[in-house]
Structures are given as structure tokens and as C-alpha cells.
Amino acid sequence: MSTLPNRERVPEYHYASEQSKALIDMLEDASLEAKAALEDVMAQFFVDTATWGLALWEQQVGIETDNSLPLATRRAAIRQKLVASGNTTSEMIRGLAEALTGYEAKVEVNDDYSFSLSFWGEKNQLATIDVAELKTVVEQIKPAHLRFVISGITWADLESVNMTWKYFEDNPTTWAQLESMFCIHAKE
């Protein structure tokens, strides 16, 4: 494809006639509209960019379409279903947790038939994670004989992110807000 500007792609003598100029301008507009339509259709092939095509994705994974929900919520539900298909493994749960939270996750399997998640990032920090959504999704795909444990933030977690009583005095935090936070540990 030529890298010339649009006006230089057609020989100049075609612009001498008003009819030719009008036709070229109309064809240019039509081609730009066709390009935009093609790009819109291409966006529907990916969950993260789909808009009107989300209904097709929802149909494919067996979710009832609810157009009143925000696009982000609908996309998250589709991603959950896509990640959750197949045999449940710790790797699948890790991938699901990463897709839901955006942080690197690690599944910790315990001897008492339980497992928990820990999260990793660039630095030690507290992050708000939708615990209810995470628990709901993991409960849907985990084997029935295993228990999913969500461990709360410990004093060691608070100390690792340099949180002090002064922080809580300066930033009033409710108990519910604190319970929705996870400690993100720095990658080593």
C-alpha cells in the first residue's frame, strides 16, 4: 500500500473536473466508513474490546445477556467462564485469580484439604480486591472436597507495606474496606 498522502494517490488531472473531485471525495468517505466498520467488527473478536458482540460471547459461554450491566462486568463474567472451563487445577485457579485481580497469584495448598491465594506485584502494598467476586468464582470451579480459605490481612502484612496507626488516623478505613484488601507482596 502506498505511503503517499490521500490526495497524491490519484493523478492531479482527475481533480480538474468537479464531478471527478466529488466522486473521489465520496469514495474516500465511503472507504473510511468501511474501514471503521471493519475495525468495529474486528474488535468484537476479543472480549476486552467487544461491545455489541458481548451478547455473542455470553451466548457462547452460557451466560444470560443482561444489557443493564456495565460492559466491564459483562467482560469479567465472560473471562471467568472462559478460564473456568475444563478440569480444575491449581494452575487454572491461579490463572483465574490473575485474570480477576490483575496481580500475579500463587495457590497455596494446605494439608487440611484447603487452599488459599497469595498475590505478588512490583512492591509491597495493600490492594482492594473484590473478595466476594473472587470467592464466588473460585467456589464455582473448585473441587467440592477442597475448602477455599481467604486469609485476612495480618499485622505482618501491614508492617510489610509500612502501615502504621498514623496511616489509619490520616485515612479513616472501615472494617469492610480493610477486609476487602489483600497484601500484594513484592516479587523477589
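Residues numbered from 1 in each chain as written. Predicted model: local features only at pLDDT ≥ 70, side-chain atom pairs only at ≥ 80, totals over all residues. Heavy atoms only, no water.

A few points about a nonpolar patch on the surface
This is how it is decided: Each patch groups residues whose relative accessible area exceeds 30% and which form no salt bridge, using 9 Å between like charges and 5 Å between nonpolar side chains of Val, Leu, Ile, Met, Phe, Trp and Tyr. Reported accessibility uses the Shrake-Rupley method at a 1.4 Å probe radius. Residues are deemed covered only where the shown protein chains occlude them. Counted as salt bridges are all cases of a side-chain nitrogen of Lys or Arg within 4 Å of a carboxyl oxygen of Asp or Glu. In this text, helices come from DSSP runs of H or I with a minimum length of four residues, and strands from runs of E with a minimum of two, each type numbered from the N-terminal end. Throughout this description, buried means an accessible area under 20% of the type-specific maximum (1.4 Å probe, protein chains only), exposed means over 50%, and partly exposed covers the range between.
There is a patch of nonpolar side chains on the surface, built from Leu38, Val41, Met42, Phe45, Phe46, Trp52 and Leu56 and spanning about 770 Å² of accessible area. The dominant element in the nonpolar patch, judged by the number of residues it contributes, is helix α1 (residues 18-43), at three residues. Position of Leu38 relative to the elements: it lies in helix α1. When its relative accessible area of 53% is taken as the criterion, Leu38 is described as exposed.

Remarks on the nonpolar core
The test is simple: Here, nonpolar core means buried Ala, Val, Leu, Ile, Met, Phe, Trp, Tyr and Cys residues that are tied together by side-chain atoms lying within 4.5 Å of each other. The contact rule is simple, with two residues in contact once any of their heavy atoms fall within 4.5 Å.
Ranked by internal contacts, the top residues of the largest apolar core, which has 19 residues, are Ile93, Leu117, Phe119 and Leu134. Put simply, the parts of the chain that give this core at least two residues each are α4 (90-101), β1 (104-109), β2 (114-121), α5 (131-141) and β5 (181-186). Of the residues forming this core, the biggest block, five residues, is contributed by α5. Those residues in contact with Leu134, other than ones at most four positions away along the chain, are Ala97, Leu100, Leu117, Phe119 and Ile129. Counting eight residues, the second largest nonpolar core, distinct from the first, contains Leu158, Met163, Leu178 and Met181.

Honestly, it's all geometry; don't read function into it.
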